[in-house]
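A look at the structure
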There are 2 protein chains.
Amino acid sequence: MKLFTYFRSSAAYRVRIGLNLKRIDYEAEPIHLRRKEHEAVAFAAINPQRLVPALLVGPDVLTQSLAILEYLEETHPSPPLLPEDPLDRARVRAIAMSIACDIHPIDNMRVLNYLKDPLGQEQETVDQWYRHWIETGFAALERTLATDGKAGRFCHGDRPTLADVCLVPQVHNARRGNVDLTPYPAIVRIDEACRALPAFAEAAPDRQPDAEG
Amino acid sequence: MKLFTYFRSSAAYRVRIGLNLKRIDYEAEPIHLRRKEHEAVAFAAINPQRLVPALLVGPDVLTQSLAILEYLEETHPSPPLLPEDPLDRARVRAIAMSIACDIHPIDNMRVLNYLKDPLGQEQETVDQWYRHWIETGFAALERTLATDGKAGRFCHGDRPTLADVCLVPQVHNARRGNVDLTPYPAIVRIDEACRALPAFAEAAPDRQPDAEG
């Protein structure tokens with residue numbers, strides 16, 4: 001498998017964690033977003049959405065990080081990223097999607113760029129926007145993790161799941177955006193437990209071959 | 001099952017279609033978003049994210065439309081919303097998520113409201129924003145549907161899937177936002193084929209008990 005990735009893309013970071021957790025070997029093919037390599041015609045032929053990640057499996061191109069992770073779960077079921085019970089699976093997927101749908105896309109680089117041009121917003125306003133959607137999402141997630149009795153060492157019990165795979169890259173972004181994480185002790189605790197695992201640590205942006213300072 | 005819904009919520013619209021396709025009886029509990037009923041303390045106790053839809057299954061609350069639909073797929077497998085082959089499932093999920101992650105959340109009411117206050121944008125700028133993210137997403141999706149050889153009467157072959165469940169509500173929103181759909185003939189054709197089915201037609205916003213003009 002070949003993964004089209006960018007060290008700072010948190011959607012690619014999710015897939016890197018998933019591949020590591022499942023011990024699947026892959027080749028990393030960096031696509032430099034700030035140099036706009038994803039807008040090149042050659043990459044659009046691979047992914048018409050012009051987004052990373054994309055995973056090449058033989059002649060097939062898989063896109064959308066959560067669709068890729070569900071594919072990995074179906075084809076490489078061990079170790080599982082989803083629990084067995086359907087209600088538990090729904091909880092894990094809902095946490096994953098509360099990040100992957102309702103935080104990350106609103107803070108994606110192309111949206112931030114649109115706020116600057118054509119909307120003409122100052123960097124400070126864009127930074128507030130970035131923090132606002134993380135804080136809104138994290139407040140709800142913290143309440144779930146702290147009160148529904150299903151979190152353990154990780155978001156769902158004591159094994160990492162798809163929820164953790166989405167959480168850690170989002171916490172990384174929150175730190176880069178100077179979000180005050182004090183109000184989210186459960187999130188901070190789970191993020192630390194995850195990053196202590198090699199599968200998460202080795203997927204981190206600063207450990208990637210295309211990493212920059 | 002009880003569905004917390006709002007006639008105009010396109011995420012709730014997805015779940016209504018899924019429930020109808022699977023012929024699952026449910027009770028609709030309208031949450032009026034424009035009257036801010038979702039921000040009430042009582043609803044936050046049901047869903048800390050304060051978003052619809054939420055599905056009550058016995059004592060459990062399921063949130064996030066795609067997590068709910070995956071749960072319905074696992075517990076009510078017939079008729080299926082996903083094909084059998086893992087690569088085909090990945091394609092269907094990727095189409096669904098290209099809408100549910102990369103179009104809809106950026107155009108959600110709470111984001112549009114933030115553009116107006118605190119960002120002070122005029123209605124015309126907000127309308128352009130709304131159309132921009134639909135057009136960006138639809139351009140990529142049209143290319144996939146028109147060129148990868150896997151669409152049939154619907155997004156994936158000749159049976160409706162999770163991809164169609166997400167597409168139809170987004171096309172509905174596009175029409176409300178006066179998006180010119182001429183550049184997307186495959187999307188328009190598939191949307192029409194879907195809406196000819198009672199499961200889609202009966203889930204439409206104007207057919208809901210809480211519908212307004």
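Our subject is the structure listed above.
This is a predicted model, so every value here is computed, not measured. In this numbering scheme, every chain counts its residues from 1 along its sequence in written order. Chains and ligands are labelled by the order in which they are written, letters from A for the one and numbers from 1 for the other. Under the rules for a predicted model, residues below a pLDDT of 70 receive no local features and side-chain atom pairs below 80 are neither given nor counted, while totals for whole chains, interfaces and linings still include all residues. For the side-chain quantities, the full set of heavy atoms in the structure was used; hydrogens and water were omitted.

It is worth spelling out the environment of Tyr-130 of chain A at this point. Residues and elements named next belong to chain A. Helix numbers and strand numbers start at the N terminus; a helix is a DSSP run of H or I with at least 4 residues, a strand a run of E with at least 2. On the secondary structure map, Tyr-130 appears in helix α6 (residues 123–147). Classification of Tyr-130 by relative accessible area gives buried; the value is 14%. For the pair formed by Tyr-130 and Val-111, sequence separation is 19 residues and the distance between their alpha carbons is 9.9 Å. Only protein chains enter the accessibility calculation, which uses a 1.4 Å probe; a residue whose area is less than 20% of its type maximum is buried, one above 50% is exposed, and one in between is partly exposed.

Residue and element names in this part refer to chain B. Where helix α1 (residues 10–21) meets helix α3 (residues 65–75), the axes come as close as 9 Å, and the angle between the chain directions of the two elements is 10°. The angle between the axes of α1 and α3 places the two elements in the roughly parallel class. Contact residues: Ala-11, Arg-14, Val-15, Gly-18 and Leu-19 in α1; Ser-65, Ile-68, Leu-69 and Leu-72 in α3. We call Asp, Glu, Lys and Arg charged. Ala, Val, Leu, Ile, Met, Phe, Trp, Tyr, Cys and Pro are nonpolar, and the rest, Gly among them, are polar. Tallied by class, the residues present in the contact of α1 with α3 amount to 6 nonpolar, 2 polar and 1 charged. Here, axes are lines fitted to C-alpha atoms. For helices the fit covers the stretch in contact, and angles between N-to-C directions go from 0 to 180 degrees. In what follows, roughly perpendicular refers to angles from 65 to 115 degrees, roughly parallel to angles under 35, roughly antiparallel to angles over 145, and oblique to any angle outside these ranges. The contact definition used throughout considers only heavy atoms, calling two residues in contact when any of these lie within 4.5 Å.

Moving on, we get to the interface of chain A and chain B. Each partner contributes residues to the interface: chain A has 44 residues there, and chain B has 44 residues. Here, a salt bridge means any Lys or Arg side-chain nitrogen found within 4 Å of an Asp or Glu carboxyl oxygen. Our enumeration of links across chain A and chain B arrives at 8 salt bridges. In this structure, the salt-bridge partner of Arg-93 of chain A is Glu-74 of chain B, at a minimum N-O distance of 3.0 Å. N or O atoms within 3.5 Å of each other form a polar contact, as long as, within protein, one can give a hydrogen and the other can take it, and as long as residues adjacent in sequence are counted only when both atoms are side-chain atoms. Our count for the chain A to chain B interface comes out at 10 residue pairs in polar contact (both at pLDDT 80 or more). Elements supplying a minimum of two residues to the side of chain A that touches chain B: α2 (41–46), β4 (60–63), α3 (65–75), α4 (86–100), α5 (109–116) and α6 of chain A. Looking at the side of chain A that touches chain B residue by residue, the classes come out as 24 nonpolar, 11 polar and 9 charged.

Turning our attention to the pattern of salt bridges. Applying the stated rule across the entire model yields 24 salt bridges over all chains. One salt bridge in this structure joins Lys-150 of chain A and Asp-60 of chain B, with 3.8 Å as the shortest N-O distance. Placement of the pair is Lys-150 of chain A in the loop between α6 and α7 (162–176) and Asp-60 of chain B in strand β4 (residues 60–63), with the two residues belonging to separate chains. According to the relative accessible area criterion, Lys-150 of chain A is partly exposed, its value standing at 31%. The shortest N-O distance in the salt bridge between Lys-2 of chain B and Glu-29 of chain B comes to 3.4 Å. Separated by 27 residues along the polypeptide, Lys-2 of chain B in strand β1 (residues 2–5) and Glu-29 of chain B in strand β2 (residues 27–30) bring together distant segments of the chain. When its relative accessible area of 28% is taken as the criterion, Glu-29 of chain B is described as partly exposed. When salt bridges with common partners are traced through the structure, they connect Glu-70, Glu-74, Arg-89 and Arg-93 of chain A together with Glu-70, Glu-74, Arg-89 and Arg-93 of chain B into a single cluster.

What follows concerns the packing of aromatic side chains. Aromatic rings considered in pairs are described by the distance between their centres and by the relative angle of their planes. Within 6.5 Å between ring centres, the rings of Phe, Tyr and Trp (the latter by its six-membered ring) count as paired, and their orientation is classed by plane angle as stacked under 30 degrees, edge-to-face over 60, tilted in between. One pass over the structure, following the stated rule, counts 13 aromatic pairs over all chains. Of the aromatic side chains, those joined through ring pairs into one cluster are Tyr-114, Trp-129 and Trp-133 of chain A together with Tyr-114, Trp-129 and Trp-133 of chain B.

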